[in-house]
Amino acid sequence: MIPERFQPVLDGIRPHADAFNDAGHRLYLVGGVVRDLFLSGSSGRVIEPTDLDFTTDAEPDQIEAILRNFDGVEALWTQGKRFGTIGCRIAIGGRSIDHEITTHRAEAYTPDSRKPDVVYATDVEADLSRRDFTVNAMALSLPDATLVDPFDGMTDLLVHKALRTPLSPEESFGDDPLRMLRAARFLNRYDLTPDPDLVLAVEKMAGRLEIVSAERIRDELCRLVVLDDCSAGLWFLCDTGLAHEFFPELPEMRVEQDPIHRHKDVLAHTIAVVNNTSPELVLRLSALFHDIGKPATRAIGAHGVSFHHHEVVGARMTRKRMKALKFSNEMIDDVSKLVFLHLRFHGYGDDAWTDAAVRRYVRDAGDLLPRLNELTRCDCTTRNKRKAEMLSRRMDRLEERIARLEEEEELKSIRPDIDGARVMELLEISPSRVVGEALDMLLEARMEEGPLGEEEAERRLLEWWAARQTD
């Protein structure tokens, strides 16, 4: 039953498992590697895990003692010992693989706590019963590699394609409310259908997510959005009310439609754009947030529905929501900038943009230019084939102009033709606000006209300075 290509890993684990058996304890391989081992059984894919998770009936002090006496351990760490986990690094097949060995446990969250109360269990089935979903509640008993599957996770994974919890979903989500959010990812990652009882439990318990840290929620959201297809998961978050607890702007994009003033369902459009983009985090988050400002700017006028300046409002809303979810400042800056710029292209036409406008587009996008162009392309989800082709050709022409100008002018490094030191030397002034104003003037001329050359830039500077003195 175990694929042959996994045998080297089992052979590498055997001495480790024997050490536990010799000490009178059992060791079990658990976690995603067990699930994926059988899921990919017919794919022929080589399985080369970078880390492995185990559970055992040995308690933390006993685990540590066994590992310290095991010759194959390259490193050992005990930071998780109070939660029952000892970590180590062991060489298997010429590669160093991190191992985490945890005492069987039956942890549960108290109603007002963000951290679990750790309670040890005496057998593996009790441990597996506390895991999030049946497809993850499987283990391999070592060293014989016998499957332990008390909750039919294998059948759910391969036959029924069902997402269920080992115990009741209320008990499972009570243990760790983040599991409700993880359910969204597993639906897409393994093409599963949620059990009706699971859905009802999420709808009833969504507010329980408030005890989970913003960092854990952020990380789970990121894991979801970078899947090749994350649409089912995003709809699950909105349909169950879960998104309202940490990202209320997302379900609010389901703007009410009316029969007279038609426009796209903003939420459906957003999810389509997310899936259209490459599965790279900054780009996917930008797609997720790009129309966040539409509900707040929706207006109905003589010409129908409009969302004027939704990119400006959306950039502010993006920054606020991402800050609440504890994203890094760099990530917040990049995503909010892309949201702010995502409509810029729609003012472009072959005759509408001068070279100066193209230079500004490149300068404003900076290193985000490739992502901005892809977001812009993917934002076109129209069913009108002629319009889609027209927009695609227009972006092609813009990118051709960018490439030509970059070749001629090094657009990505546009700066004034002389630097601040030369400005101070020519004007015989010290560092001051005037230096910045002079450089801004020279940069604006550079953007409008292309490279001026040092001599012309100095002439313009002195002319500007003389005019300033006579004002």
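No experiment lies behind these values; they were computed from the predicted model shown. (Residues numbered from 1 in each chain as written. Predicted model: local features only at pLDDT ≥ 70, side-chain atom pairs only at ≥ 80, totals over all residues. Heavy atoms only, no water.)

J.: Tell me about the packing of aromatic side chains, residues and numbers included.
T.: This structure, assessed with the given rule, holds four aromatic pairs. A ring pair is formed by Phe-133 and Phe-186, whose centres lie 5.4 Å apart and whose planes are at 50 degrees; its orientation type is tilted. Here Phe-186 lies in helix H7 (residues 178-189) and Phe-133 lies in the loop between helix H4 (124-129) and strand E8 (139-142), a separation of 53 residues in the sequence. Here Phe-133 matches Phe-186 in class, with each residue buried. Between Phe-186 and Tyr-190, the aromatic rings sit 5.4 Å apart at their centres with planes inclined by 40 degrees, giving tilted as the arrangement. Side by side, Phe-186 and Tyr-190 carry an identical accessibility label, which is buried. Site record: aromatic cluster; members linked through ring pairs are Phe-133, Phe-186 and Tyr-190. (Phe/Tyr/Trp six-rings, centres within 6.5 Å; stacked < 30°, edge-to-face > 60°. Helix = DSSP H or I, 4+ residues; strand = E, 2+ residues; numbered from the N terminus. Buried < 20%, exposed > 50% of the residue type's maximum accessible area, 1.4 Å probe, protein only.)

J.: Help me get a handle on the nonpolar core, residues and values and all.
T.: Formed by 77 residues in total, the largest nonpolar core has its most connected members in Leu-237, Phe-246, Phe-289 and Tyr-361. Apart from residues lying up to four places away in sequence, Tyr-361 is in contact with Arg-344, Phe-345, Trp-353, Leu-369, Leu-372, Asn-373, Thr-376, Met-395, Leu-398 and Ile-402. In this structure, Ala-19, Phe-20, Leu-37 and Ala-145 belong to the second largest nonpolar core, which totals 32 residues. (Core = buried A, V, L, I, M, F, W, Y, C linked by side-chain atoms within 4.5 Å. Contact = heavy atoms within 4.5 Å.)

J.: I'd like to hear about unusual backbone geometry, residue by residue, with values.
T.: Across the junction of Leu-142 and Pro-143, the peptide omega takes the value 10 degrees, indicating a cis bond. Mapped onto the fold, Pro-143 is located in the loop between E8 and strand E9 (146-148). The phi torsion at Ala-145 lies on the positive side, around 60 degrees, for a residue other than glycine. Topologically, Ala-145 is positioned in the loop between E8 and E9.

J.: Break down the packing of helix H16 (residues 355-365) against helix H20 (residues 433-449) for me, with residues and values.
T.: One way to put it is that H16 packs onto H20 with a least axis distance of 6 Å and a crossing angle of 120 degrees. With respect to H20, the axis of H16 lies oblique. Seen from H16, the contacting residues are Ala-356, Arg-359, Arg-360 and Arg-363; seen from H20, they are Leu-443, Glu-444, Arg-446, Met-447, Glu-448 and Glu-449. (Axes fitted to C-alpha atoms, helices over the stretch in contact; angles between N-to-C directions. Parallel < 35°, antiparallel > 145°, perpendicular 65-115°, else oblique.)

J.: Let's hear about the packing of helix H10 (residues 231-239) against helix H11 (residues 266-276): which residues, and what values?
T.: Packing of H10 against H11 brings their axes to within 10 Å, and their N-to-C directions diverge by 150 degrees. Classified by the angle their axes make, H10 and H11 are roughly antiparallel. Here H10 runs over H11; the crossing is right-handed. Each of Ser-231, Leu-234, Trp-235 and Cys-238 in H10 lies in contact with H11, whose residues at this interface are Leu-267, Ala-268, Ile-271, Val-274 and Asn-275. Class assignment for the residues of the contact of H10 with H11 results in seven nonpolar, two polar and no charged. (Left-handed = near helix turned anticlockwise from the far one by under 90°. Nonpolar A, V, L, I, M, F, W, Y, C, P; charged D, E, K, R; others polar.)

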